[in-house]
Amino acid sequence: MFNEAIELIKHSRYVIAFTGAGISAESGIPTFRGPNGLWRRFRAEDLATPEAFARNPTLVWEWYKWRMKVISRAKPNAAHLALAKMEAAGILRAVITQNVDGLHTSAGSRNVIELHGNIWRIKCSNSICNFKSMLSEPPEEIPPKCPRCGSLLRPDVVWFGEPLPPEAWEKAVTEASRADLVIVIGTSGAVMPAALIPTITKDKGGKIIEINIGGSAITPIADVFIKCRASEALPKITEGLGL
Ligand code: OAD
Ligand code: ZN
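The text that follows walks through the structure, step by step, so that each part is easy to find. (Residues numbered from 1 in each chain as written. Chains lettered and ligands numbered in written order. Predicted model: local features only at pLDDT ≥ 70, side-chain atom pairs only at ≥ 80, totals over all residues. Heavy atoms only, no water.)

With that out of the way, let us pick up the site of ligand 1. Close to ligand 1 lie 22 residues; Glu 26, Arg 33, Thr 187, Ser 188 and Asn 212 are nearest. Residue Ala 21 places a main-chain N or O atom 2.8 Å away from an oxygen atom belonging to ligand 1. Interatomic distance of 2.7 Å between a side-chain N/O atom of Arg 33 and an oxygen atom of ligand 1. Contact with the protein chains hides 91% of the accessible area of ligand 1, taken as 790 Å² for the molecule alone. (Near = heavy atom within 4 Å. Polar contact = N/O pair within 3.5 Å; in protein donor to acceptor, adjacent residues only side chain to side chain. Areas by Shrake-Rupley, 256 points an atom, 1.4 Å probe, with all protein chains shown as cover.)

Right under this line is the structure:
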């Protein structure tokens, strides 16, 4: 499996990565699905939708404040670092991620496309006010208010029922169309439209390498499937590439 993956990477012209919560699991950030997934314990409808925020902004902010605390303690793991190394070596061109934790950037990846936003960015919930800002730590008082118009601030992440940020989506589609190989890491492939990214590369004649501890919705179309933890698999691959 590893040799096959390494050969495929060596013979590809334009390689990208598509990542999900599984790549950050070993940094101590819980995934959403699976036996210990967050959506087993919490209902997405109560925490991650515009309706939930309108109904109970404090509850939604409590959830994000908790996630911010978990994420602020997390460091990039060997998988994030291996992808950064591959990019620095000119082998990997882009990382398209569904994660909001910012760990790819902390690991040194440069061309990172965040399809679901970033947990440290906040924006005004009043759509006619354009206030946006960055946090460096969880807000003390929740829900925080907009300094410009007094409306509630919200995390600048994508909630269920919301469109993806158009610029990120367009960039991701461009990268996926250009790529002749996409390495899919730690995602269930259950959330649309993000999960379409590997199929875009595949439809253009490109290949898919998947790294996951179990199967996913993408496994049936993967050319090489590596059933392994991301932090173990990716360093093996960079080693095989001589990095
Ligand atoms: P999921 O929680 O749906 O899936 C995580 C995947 O990672 C599963 O397929 C696991 O088998 C795999 N996995 C777990 N640990 C791993 C490890 N150490 N190494 C390799 N693989 C591992 O996460 P996502 O697919 O990212 O959306 O979820 C997609 C979206 O659903 C998220 O971005 C979020 C969520 O609701 C929004 O918030 C909009
Ligand atoms: Zn405002």
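Here we come to the sheet that holds strand β8 (residues 207-212). Two strands in a sheet stick together by hydrogen bonds in their backbones, pointing the same way (parallel) or opposite ways (antiparallel). Here six strands make up an open sheet; going across it, the order is β3-β2-β1-β7-β8-β9 and the pairing parallel. Since the sheet does not close on itself, it has two edges, and those belong to β3 (112-114) and β9 (224-227), each with one partner. In this sheet, adjacent strand axes meet at a mean angle of 15 degrees when their direction is disregarded. Across five bridges, the pairing between strand β1 (residues 15-19) and strand β2 (residues 92-97) is parallel. Paired with Ile 16 across the strands is Ala 94, a residue of β2. Those strands touched by helix α1 (residues 2-10) are β1, β7 (181-185), β8 and β9, and its axis lies near 130 degrees from that of β9. Here helix α9 (residues 166-178) sits on the sheet and contacts β1, β2 and β3; the angle it forms with β3, its principal contact strand, is near 130 degrees. (Pairing = 2+ DSSP bridges. Helix = DSSP H or I, 4+ residues; strand = E, 2+ residues; numbered from the N terminus. Axes fitted to C-alpha atoms, helices over the stretch in contact; angles between N-to-C directions. Contact = heavy atoms within 4.5 Å.)

Moving on, we come to the pattern of salt bridges. A complete count under the given rule lists 13 salt bridges for this structure. Across the salt bridge formed by Asp 156 and Arg 121, the nearest N and O atoms sit 3.2 Å from each other. Of this pair, Asp 156 sits in strand β6 (residues 153-157) while Arg 121 sits in strand β4 (residues 117-124), placing them 35 residues apart in sequence. With a closest N to O distance of 4.0 Å, Arg 178 and Glu 175 form a salt bridge. Here Arg 178 and its partner Glu 175 are both found in helix α9, three residues apart, which amounts to about one turn of the helix. (Salt bridge = Lys/Arg side-chain N within 4 Å of Asp/Glu carboxyl O.)

Read these as layout, nothing more, since geometry by itself doesn't imply function.
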